[in-house]
Amino acid sequence: MIKNNLETVVEENKVTYKKYFDVPVDLLFEVWSSPEHLTEWWGPDGFTLTIKSLDFSNGGIWEFIMHGPDGHDYKNKIQFIEIKKPNLISYKHIGDGEGDEDVNFQSKIILETSGNGTNLLMEQIFSSKEELERVNQKYGAIEGGKQHVGNLANYLDKIK
């Protein structure tokens, strides 16, 4: 991976984002798993985050609200599938926590030590190619993912 570049690959029902970060793997894992950090960077440009609850464990649930720049609140609910500190966070997005599962996909965050830094591989897997296209058209999912990783990079630059 090339330092400071974000590589995005779309294949059928999966979007993969790859980026090198000049920080240790333990710090990158902490920034993905700690409420104090998540509220500082999570989401696309212009969004803020309120965490309702976070059980960062295998099978645990994370409920949060993303506050959009348009003033709209987006409720989200995630269930963690597998966590292996400091290299893997796997979860499924299970809607808004109130029965609306308009957006339902799995994510896998893989962190690998590379020299003094860490390679990030973020995969978003949808049920079908059509579902990925629908969510991308309705919510701008692919661009949002790029901005999400960009906001993570900007935050890490501030704290390292």
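Residues numbered from 1 in each chain as written. Predicted model: local features only at pLDDT ≥ 70, side-chain atom pairs only at ≥ 80, totals over all residues. Heavy atoms only, no water.

Engineer: Help me understand the pattern of salt bridges in this model?
Structural biologist: In a structure, side chains of opposite charge can pair up when their charged atoms sit close to one another. With the rule as written, the count across this model stands at 4 salt bridges. Of the charged contacts in the structure, one is a salt bridge between Lys-14 and Glu-123, with a shortest N-O distance of 3.6 Å. Of this pair, Lys-14 sits in strand β2 (residues 14-21) while Glu-123 sits in strand β8 (residues 117-125), and the two are 109 residues apart along the sequence. As a salt-bridge pair, Glu-131 and Arg-134 come within 2.8 Å of each other at their nearest N and O atoms. You can see Glu-131 and its partner Arg-134 sitting in helix α3 (residues 129-139), 3 residues apart, about one turn around the helix. Judged by relative accessible area, which is 30%, Arg-134 ranks as partly exposed. (Salt bridge = Lys/Arg side-chain N within 4 Å of Asp/Glu carboxyl O. Helix = DSSP H or I, 4+ residues; strand = E, 2+ residues; numbered from the N terminus. Buried < 20%, exposed > 50% of the residue type's maximum accessible area, 1.4 Å probe, protein only.)

Engineer: Explanation requested: the environment of Lys-77 in the structure shown.
Structural biologist: In this fold, Lys-77 is placed in strand β5 (residues 73-84). When the C-alpha atoms of Lys-77 and Ile-65 are compared, they prove to be 8.7 Å apart, with 12 residues separating the residues in sequence.

Remember, this is a structural readout, not a statement about activity or role.
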